[in-house]
Amino acid sequence: MLNIKGTKCTAVVRRLIPWVLLTNILLVLYCLGTPSQIKISGLQKDTCPLNVAKSLKQSSAMLLQSSKYEEECSPKVDFMFMKTHKTASSTILNILFRFGEKHKLKFAFPDGRNDFFYPSPFQCSQVKDYKPGDCFNIVCNHMRFNHQEVSKLLSLDAFYVTILRDPVDLFESSFHYYHRAVPLTWSIGGENKLAEFLNNPQAYYSPNAFNSFYLKNLLFFDFGFENNLEADDPRVMRGIHYLSKHFHLVLIAEYFEESLILLKDLLCWTTEDILYFKLNARMSSSVFRLDPEMRAKALRWNGADWKLYQHFNATFWARVEDYGRERMKREVNELRKRNAEMKANCIEGGGAVEAQQIQNRLFQPWQPLGDKSILGYNIRKDVDPKFRKICEQMLTPEIQYLSNLGVSLWLTRLYGWLKDTIY
């Protein structure tokens, strides 16, 4: 009996060794890859000079409005998209990359990896080749939000946009995608690891443990707040009010098409600008459907995110009412029609396929640790030459698109190599 137990213990230890090695390697890479921070003084010299120029322009425009009230709507090119995790934000990012590339806009990109050294709070010094006073049109890569620092990169009239998702679905997706990167979850047994976690989360979670933020109030954490607050903590509502002041539009993933229509309206874009293919979608067989009891537990565990979502879901539908329900319905139908046309023009077979069926590695999406659950696309072999460029752009995942835009991703690619080698 003792020999059997010893054998099982040895097998468990052997399985854990690669995880421990990978975790240590990632920690070393993270420390080596984090740039030396520029000390931010908060003086005007550290701020995009367009802040002042645009403020004067806005004041002049307001004075002219009395005699020239109606002006032609022109596309807005200065904006920040706060890319939250597991919220369909990669699909939004593809839209923004295409718009920025089309209009030759200046992106504030990270250096060496595809995010701004997440989970560290954002600093201007994390921007590739940043010098105090530099001005940019678009900031859109993953970060831990820090409005004071982001605002130094953009004009005063820049728009701030983000996206939220139902916290239960987000938690399920985050658990699936990241739990192998959270060492405290490695001891969870059984086939239904998510249910085991929710039945006793404190057994597998510690606020200060490595990567633990992925498994509790991830939205709240992404926005720069403390993710271990209880829902009734007054700091939660203070955080929500803070975001309400700084974001012009909060999209809702469950109403993705309506969200894009509101985005189009806010930025004076066209329907062509918001065409999309759903990127980073998971195989349906990998999605765990929570029953009402498990859903209630997930909501309690992610109470701050739930409060955040409820607030901005309400403001979202108030925006839809102001826009007009019938008008929204017409716009959504037009968007669906145009998207269907692009699918027919671009996608072999008309839909997404599993990772092993993707023929061109340029369209291979990033996969989570130890899994191949993220779907991708094959471009049509007989695609019309006039559609080839836009088809390729719409089908290109985030990592490859960043490379196409000239971003160095040596840390991301090294991590990807390690991930694929070990797992």
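Structure's up top.
The rules behind each value
Residues numbered from 1 in each chain as written. Predicted model: local features only at pLDDT ≥ 70, side-chain atom pairs only at ≥ 80, totals over all residues. Heavy atoms only, no water. Disulfide = S-S within 2.5 Å. Helix = DSSP H or I, 4+ residues; strand = E, 2+ residues; numbered from the N terminus. Buried < 20%, exposed > 50% of the residue type's maximum accessible area, 1.4 Å probe, protein only. Core = buried A, V, L, I, M, F, W, Y, C linked by side-chain atoms within 4.5 Å. Contact = heavy atoms within 4.5 Å. Pairing = 2+ DSSP bridges. Axes fitted to C-alpha atoms, helices over the stretch in contact; angles between N-to-C directions. Phe/Tyr/Trp six-rings, centres within 6.5 Å; stacked < 30°, edge-to-face > 60°. Lys NZ or Arg CZ within 6 Å of the ring centre and 35° of its normal. Patch = residues over 30% accessible without salt bridge, like charges linked within 9 Å, V, L, I, M, F, W, Y side chains within 5 Å. Areas by Shrake-Rupley, 256 points an atom, 1.4 Å probe, with all protein chains shown as cover. Salt bridge = Lys/Arg side-chain N within 4 Å of Asp/Glu carboxyl O. Left-handed = near helix turned anticlockwise from the far one by under 90°. Nonpolar A, V, L, I, M, F, W, Y, C, P; charged D, E, K, R; others polar.

### Digging into the state of the cysteines
A full pass over the atoms with the stated rule returns three disulfides. Two residues share a disulfide in this structure: cysteine 48 and cysteine 135, whose sulfurs sit 2.3 Å from each other. In this structure the cystine formed by cysteine 48 and cysteine 135 twists about its S-S bond by roughly 110 degrees; its chirality is therefore right-handed. Taken as a pair, cysteine 48 in the loop between helix H1 (2–33) and helix H2 (50–64) and cysteine 135 in the loop between strand S2 (107–108) and strand S3 (138–139) lie far apart in primary sequence, 87 residues in all. Looking at cysteine 48, the relative accessible area reads 0%, which means it is buried. Residue cysteine 135 is classed as buried on the basis of its relative accessible area of 18%. Across a sulfur-sulfur distance of 1.6 Å, cysteine 73 and cysteine 268 are joined as a disulfide pair. Disulfide cysteine 73-cysteine 268: the torsion about the S-S bond is -125 degrees, which places it as left-handed. Taken together, the residues span a long stretch of sequence, with cysteine 73 in the loop between H2 and strand S1 (79–82) and cysteine 268 in the loop between helix H9 (256–267) and helix H10 (292–301) at a distance of 195 residues. Classification of cysteine 268 by relative accessible area gives buried; the value is 16%. Shown here for the protein is a disulfide pattern of 1-3, 2-4, 5-6, where each number marks a bonded cysteine counted in sequence order.

### Comments concerning the nonpolar core
Met80, Met143, Leu153, Leu164, Phe197, Leu260 and Leu308 are the most contacted members of the largest nonpolar core, which has 114 residues in total. Each residue touching phenylalanine 197, except ones within four places of it in the same chain, is listed here: Phe171, Phe175, Ile188, Tyr204, Tyr205, Leu215 and Trp301.

### Structural notes on the sheet that holds strand S4 (residues 159–164)
Read from one edge of the open sheet, five strands run S2-S3-S1-S4-S5, paired in parallel fashion. Because the sheet does not close on itself, it has two edges, and the strands there are S2 and strand S5 (249–252). In terms of strand pairing, S1 meets S3 through two bridges, oriented parallel. For phenylalanine 79, the partnering residue across the bridge sits in S3 and is isoleucine 138. Strands S4 and S5 of the sheet are contacted by helix H11 (residues 303–323), whose axis makes an angle of about 100 degrees with S5.

### Quick look at the packing of aromatic side chains
Scanning the model with the defined rule gives 33 aromatic pairs in all. Plain terms: the ring middles of tyrosine 118 and phenylalanine 213 are 5.6 Å apart, the flat faces sit at 75 degrees to each other, and that makes the pair edge-to-face. With tyrosine 118 in the loop between S2 and S3 and phenylalanine 213 in the loop between helix H6 (193–199) and helix H7 (218–222), the pair connects residues that are 95 residues apart, well separated along the chain. Residue tyrosine 118 shares its accessibility class with phenylalanine 213, and that shared class is buried. Ring plane angle 80 degrees and centroid distance 5.9 Å describe the contact between phenylalanine 223 and phenylalanine 247, whose orientation is recorded as edge-to-face. Of this pair, phenylalanine 223 sits in the loop between H7 and helix H8 (234–246) while phenylalanine 247 is found in the loop between H8 and S5, placing the two residues 24 residues apart along the sequence. Among the residues examined, phenylalanine 223 registers a relative accessible area of 3% and is labelled buried. Exposure remark for phenylalanine 247: the relative accessible area of 8% places this residue in the buried category. Pairwise contacts between aromatic rings join Tyr118, Tyr177, Tyr178, Phe213, Tyr214 and Phe221 into one cluster. The ring centre of phenylalanine 136 lies 4.7 Å from the NZ or CZ of lysine 106, which sits over that ring. The ring of tyrosine 323 carries the charged tip of arginine 327 above its face, separated from the ring centre by 3.8 Å.

### Comments concerning the environment of proline 49
Counting through the fold element by element, proline 49 comes out in the loop between H1 and H2. Separated by 107 residues in the primary sequence, proline 49 and leucine 156 place their C-alpha atoms 9.7 Å from one another. Residues contacting proline 49, with those up to four places away along its chain left out, are Gly133 and Cys135.

### A few points about a nonpolar patch on the surface
A cluster of nonpolar residues, Trp410, Leu414 and Trp417, forms a patch on the protein surface that exposes about 360 Å² of accessible area. Looking at the secondary structure, you find leucine 414 in helix H15 (residues 410–422).

### Re the side chain of threonine 47
Relative to the helices and strands, threonine 47 resides in the loop between H1 and H2. A relative accessible area of 14% means that threonine 47 is categorised as buried.

### Some details on the packing of H9 against H11
Helix packing for two helices is described by the angle between their axes and how far apart those axes are. At a closest axis distance of 11 Å, the pairing of H9 and H11 adopts a crossing angle of 65 degrees. Once H9 is placed against H11, the crossing between them reads as left-handed. The residues of H11 that touch H9, namely those facing Glu258, Ser259, Ile261, Leu262, Asp265 and Leu266, are Phe316, Arg319, Val320 and Tyr323. The class makeup of the residues in the contact of H9 with H11 is six nonpolar, one polar and three charged.

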